[in-house]
2 protein chains.
Amino acid sequence: MYKYKVYYLCIDLKKLENEYRKCLYFSANALARKTEKLAQESWSKVDLTPSHAYLLMLVIDQPGIQPTQIATYLHLTPSTVTRLILKLESKKLVHRTMEGKMTNVYPTTKGSNLLPKLHACQQEFFANYVKILGENESTRLALQMVNVADKLKG
Amino acid sequence: MYKYKVYYLCIDLKKLENEYRKCLYFSANALARKTEKLAQESWSKVDLTPSHAYLLMLVIDQPGIQPTQIATYLHLTPSTVTRLILKLESKKLVHRTMEGKMTNVYPTTKGSNLLPKLHACQQEFFANYVKILGENESTRLALQMVNVADKLKG
DNA sequence: CAATGATATTTGTATATACAAACATAACCT
DNA sequence: AGGTTATGTTTGTATATACAAATATCATTG
C-alpha cells in the first residue's frame, strides 16, 4: 500500500516537477548547489572553499586590492568579503593594511606560494565539468547565466 | 591618485573578470543569488522565503507527502527540508503526523487558504523576469540549467 | 524469528552569505 | 573652512543550507 502511494505521488509530481524546472529560481539554485559541491571537491586539496580560493587568486593577481573591488568582481557583498578575508588571514594567506578609510589586501608569501596549486585545482574543476558538458557548451552557458544575472541587477 | 589606481585595477581586472564569467561556479552562483533576491521580494508579501513558499505549495498539492519526496523534488537535502517544515509548522501553515518511520506533511486550513496568494506571488515573480528576459528565453535557460545540474549529479 | 542491513527522519554543528547598523574617513559645496 | 553627504569597511545578527551522526523503523535473509 505504501508503494502504491509513492508511485501515485510520482506520477502526479511529474507535472509539478516540470513546472519547477521551468522556474528560474529553482533551476539557478539547483545548478549553483551542484556546481558548488563539484568545486568544493576540487579545492578541498588546498583546504579552501571555492570562494576563499577565488578571493585569494584575485588578491595574488592584484596585490593591494580593496574589499569593495573584490566584492564587485566576485559578485559578493562587502561584508561577505570581510568575512572571507578574516578566514584567509587566520590561515596566514593574506594580510591587510589600513590607510584611512581604505583597506588594502595583500597576499603573504605563503599565499603566493600556493598559486600553482590553486591553478591546478581550478584546472581540475574545469576539466571535471568540461568532461561532462563539453567546452563550448560550458562556456556558452556560463556566459549566458552571468549575462542574465547582470540584466536582473536593476 | 586614488582614482588612477582604481582605474588601473579596472583595466587589469577586465581580463580576469572575463575568466570568471566563463567559470560555471561563478556564473551559477551569481545568477542564483540574483534570482533568489528577486524571488524573495515577490514572496515577502506572504512573509515567506521562496523555499518555504515552494515547499508549502508542494504540500498543498500533495497532502501527506514525505520529507524525502519533498527533498527530491525541491533539490534539497532531507535535513534542510526538516528545518523548513519546522518553520512552516511554527507559523501553523503545515503539520506533521508520524506513522512508523514515515512522516507525513499536511497543510493546515490556514496554509491551504494561502494558496491563491502564493500563486499570485509566483506569477509576479515570473512576470518580473519574463519582462526582462522574454518568456522563451527564460524557460529555455531554466530548463538548460536544470538539465546541466542533473548531468553533474554523478 | 532473530540479526543484519536498508531506509526515513531528525538533531547537532558548521558554513557561507546577506542586511542593517555602526564607524571612520574622504569628498563636496556653500 | 566647516558642515553635510557620500564612500569604504567592519560588526552584530539572522538565515538557508549541508554534512555527519543519532534514532527509529522497516525489510530481508539465514
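## Focus: the overall build of chain A
Part 1 of the argument: Per the secondary structure count, chain A includes eight helices and two strands.
Part 2 of the argument: Helices and strands in chain A line up, N terminus first, as α-α-α-α-α-β-β-α-α-α.
Part 3 of the argument: In chain A, which comprises 154 residues, the share counted as buried stands at 36%.
Part 4 of the argument: Taking the intrachain contacts of chain A between residues at least 6 apart in sequence as the baseline, contacts between residues at least 24 apart amount to 47%.

## Some details on the interface of chain A and chain B
Part 1 of the argument: Taken together, the 48 residues of chain A in the interface contact 48 residues of chain B.
Part 2 of the argument: At the level of elements, α1 (2-21), α2 (24-43), α3 (50-61), α4 (67-74), α7 (115-133) and α8 (135-151) of chain A are the ones that each hand at least two residues to the side of chain A that touches chain B.
Part 3 of the argument: When residues of the side of chain A that touches chain B are assigned to their parent elements, the largest contribution, 15 residues, is made by α2(A).

## Some details on helix α2 (residues 24-43) of chain B
Part 1 of the argument: The end-to-end C-alpha distance of α2(B), which contains 20 residues, comes to 28 Å, matching closely the 28 Å that a straight helix rising 1.5 Å per residue would cover.
Part 2 of the argument: α2(B) sits mainly inside the fold: 14 of its 20 residues count as buried.

## Focus on the environment of A:F126
Residues and elements named next belong to chain A.
Part 1 of the argument: Its location among the elements puts F126 in helix α7.
Part 2 of the argument: Take F126: there are 18 C-beta atoms within 10 Å of it, and that puts it in the partly exposed class.
Part 3 of the argument: Between the C-alpha atoms of F126 and S42, which are 84 residues apart in sequence, the distance is 9.4 Å.

## A short note on the protein's contact with DNA strand D
Part 1 of the argument: Looking at DNA strand D, there are 22 residues lining it, with A:Q66, A:T68, A:S79, B:S79 and B:G100 nearest.
Part 2 of the argument: Looking at the surface near DNA strand D, the elements with two or more residues in it are α2, α4, α5 (78-90) and β2 (102-107) of chain A together with α5 (78-90) of chain B.
Part 3 of the argument: Tallied by class, residues from the surface near DNA strand D come to five nonpolar, eleven polar and six charged.

## Re the relation of the copies chain A and chain B
Part 1 of the argument: Mapping chain A onto chain B calls for a rotation angle of 180 degrees and an axial translation of 0.0 Å; the resulting RMSD is 0.0 Å. As the rotation angle and translation indicate, the two copies are arranged about a two-fold axis.
Part 2 of the argument: The overlap is high: 100% of the interface residues of chain A also sit at the interface in chain B, so the same surface is used on both sides.

## Observations regarding the protein's contact with DNA strand C
Part 1 of the argument: Among the 23 residues in the neighbourhood of DNA strand C, the closest are listed as A:S79, A:G100, B:Q66, B:T68 and B:S79.
Part 2 of the argument: Taken together, the elements giving at least two residues each to the surface near DNA strand C come down to α5 of chain A together with α2, α4 (67-74), α5 and β2 (102-107) of chain B.
Part 3 of the argument: Grouping the amino acids of the surface near DNA strand C by side-chain chemistry returns six nonpolar, eleven polar and six charged.

## Some remarks on the pairing of strand β1 (residues 94-99) of chain A
Residue and element names in this part refer to chain A.
Part 1 of the argument: Pairing geometry for β1 and β2, over six bridges, is antiparallel. Its bridge partner being in β2, H95 is matched across the sheet by Y106.
Part 2 of the argument: Between the antiparallel neighbours β1 and β2 lie two residues, among them G100 with a positive phi of about 60 degrees.

## Concerning the packing of α2(B) against helix α7 (residues 115-133) of chain B
Residues and elements named next belong to chain B.
Part 1 of the argument: Between α2 and α7, the shortest axis-to-axis distance is 8 Å and the interhelical angle comes to 140 degrees. As the angle between them shows, α2 and α7 are arranged oblique. Along this stretch, α2 crosses α7, giving a crossing that reads as right-handed. Along the contact surface, α2 presents L38, A39, S42 and W43, while α7 presents C121, E124, F125, N128 and Y129.
Part 2 of the argument: Taken together, the residues of the contact of α2 with α7 sort by class into six nonpolar, two polar and one charged.

## Details of unusual backbone geometry
Residues and elements named next belong to chain B.
Part 1 of the argument: Positioned with a positive phi, D47 is a non-glycine residue whose angle comes to about 55 degrees.
Part 2 of the argument: Position of D47 among the secondary structure elements: in the loop between α2 and α3 (50-61).
Part 3 of the argument: In this structure, K92 is a non-glycine residue whose phi angle is positive, near 60 degrees.
Part 4 of the argument: Among the structural elements, K92 can be located in the loop between α5 and β1 (94-99).

## A look at the confidence of the model for chain A
Part 1 of the argument: The predicted model of chain A averages 86 in pLDDT, with 88% of residues at 70 or higher.
Part 2 of the argument: Counting contacts from residues 1-10 of chain A, a segment whose pLDDT is below 50, to residues more than four positions away or on other chains yields three contacts.

## Here we look at the packing of α4(A) against α5(A)
Residue and element names in this part refer to chain A.
Part 1 of the argument: It is the contact of α4 with α5, at a shortest axis distance of 9 Å, that shows an interaxial angle of 105 degrees. On the basis of the axis angle, α4 is roughly perpendicular to α5. The residues of α5 that touch α4, namely those facing P67, T68, I70 and A71, are P78, V81, T82 and I85.
Part 2 of the argument: Among the residues making up the contact of α4 with α5, the classes are represented as six nonpolar, two polar and no charged.

So, how was this worked out
Residues numbered from 1 in each chain as written. Chains lettered and ligands numbered in written order. Predicted model: local features only at pLDDT ≥ 70, side-chain atom pairs only at ≥ 80, totals over all residues. Helix = DSSP H or I, 4+ residues; strand = E, 2+ residues; numbered from the N terminus. Buried ≥ 20, exposed ≤ 12 C-beta atoms within 10 Å, placed from the backbone. Contact = placed C-beta atoms within 7 Å. Expected span 1.5 Å × (residues − 1). Near = placed C-beta within 6 Å. Nonpolar A, V, L, I, M, F, W, Y, C, P; charged D, E, K, R; others polar. Least-squares fit on C-alpha atoms with pLDDT ≥ 70 in both. Pairing = 2+ DSSP bridges. Axes fitted to C-alpha atoms, helices over the stretch in contact; angles between N-to-C directions. Parallel < 35°, antiparallel > 145°, perpendicular 65-115°, else oblique. Left-handed = near helix turned anticlockwise from the far one by under 90°. pLDDT = per-residue confidence, 0-100.

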